[in-house]
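Inside the fold
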Amino acid sequence: MKLTIGHLYPDLLNLYGDRGNIQCMMKRCQWRGIDAETIEFTLEDSIDFSSLDIVLLGGGSDREQMLVCHKLRSIRQDFRDYVEDNGVVIAVCGGYQLLGHYYDTEEGRIEGLSLVDLHTEQGSPRLIDNIVLENSLFPHPIVGFENHGGRTYIGDNKPFGKVLYGHGNNGEDGQEGVLYKNVVGTYLHGPLLPKNPHICDYLLSNALQRKYGVNGLEPLDDTQELEANQYIYKRFVK
Ligand code: GLN
């Protein structure tokens, strides 16, 4: 079995070590004897979504998002077909905002991909803090760090988690991120997956299920990863 990860525009969207998420996915495949490959795409490259099993869209500053958004609009149809065909996507922070219809900033509107029915508006102050979420889909809390000016509104979509500590999508409704088909959008970076191995495995198992019809993953010894996760949980929630 083999999984191919597409890292979109890491030269522009790579705030706060989003690449750590790629390393985590690669390692957790390799430890299980699953082949894994990452292809990095720059703005000049064309993308064959049919060859990808997981797509990572990282975080970026407003300026970088503006640069990327034109390119994203040009690949929108292929990206949308991939998502509707249950392609796995992990979109973090700036990348998460770009999944939606638009991100309104003081400098103007950044058009999004409209892959998920959500939108973002810039607000003040920036929402910066550690963050802890829970979601009964997952066996452990989700921990991370958030730093965003945007306030995201997901309408009737399901959130990635309920906020136990921190601000979340907009600091108002107690929700963080979005789950749509096999897409995860979230403000958590720092990076997200090493401290949340259950989220990494959720992405990997969805990708393997889609490609090979395989259910379940061989368990790994996550003692250290879960210690880090529990440390943050206990520090901020209990
Ligand atoms: N530029 C966006 C905001 O400030 C996203 C920032 C990020 O990716 N950390 O809301």
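Residues numbered from 1 in each chain as written. Predicted model: local features only at pLDDT ≥ 70, side-chain atom pairs only at ≥ 80, totals over all residues. Heavy atoms only, no water.

Below, the discussion takes up helix 1 (residues 19-30). Here helix 1 spans 17 Å end to end across 12 residues, near enough to the 16 Å set by a 1.5 Å rise per residue. Taken together, the buried positions of helix 1 are Gly 20, Asn 21, Ile 22, Cys 24, Met 25, Met 26, Arg 28 and Cys 29. Those residues of helix 1 that are buried lie in contact with strand 1 (2-8), strand 2 (35-41), strand 3 (54-57), strand 4 (88-92), helix 5 (197-212) and helix 6 (223-236). (Helix = DSSP H or I, 4+ residues; strand = E, 2+ residues; numbered from the N terminus. Expected span 1.5 Å × (residues − 1). Buried < 20%, exposed > 50% of the residue type's maximum accessible area, 1.4 Å probe, protein only. Contact = heavy atoms within 4.5 Å.)

A few words on the packing of aromatic side chains. The tally for this structure, following the rule as stated, stands at seven aromatic pairs. When the centroid spacing of 5.0 Å and the interplanar angle of 90° are considered together, the rings of Phe 138 and Tyr 202 count as edge-to-face. On the criterion of sequence distance, the pair formed by Phe 138 in the loop between strand 7 (119-134) and strand 8 (142-153) and Tyr 202 in helix 5 is long-range, its members being 64 residues apart. Of the two residues, Phe 138 and Tyr 202, both sit in the buried class. (Phe/Tyr/Trp six-rings, centres within 6.5 Å; stacked < 30°, edge-to-face > 60°.)

Let us now look at the nonpolar core. Leu 8, Met 25, Ile 54, Phe 79 and Ile 90 are the most contacted members of the largest nonpolar core, which has 65 residues in total. Among the elements that line this core, the one with the most residues is helix 5, at seven residues. The next biggest cluster of nonpolar side chains, apart from the first, holds five residues, and it includes Val 132, Ile 232, Tyr 233 and Phe 236. (Core = buried A, V, L, I, M, F, W, Y, C linked by side-chain atoms within 4.5 Å.)

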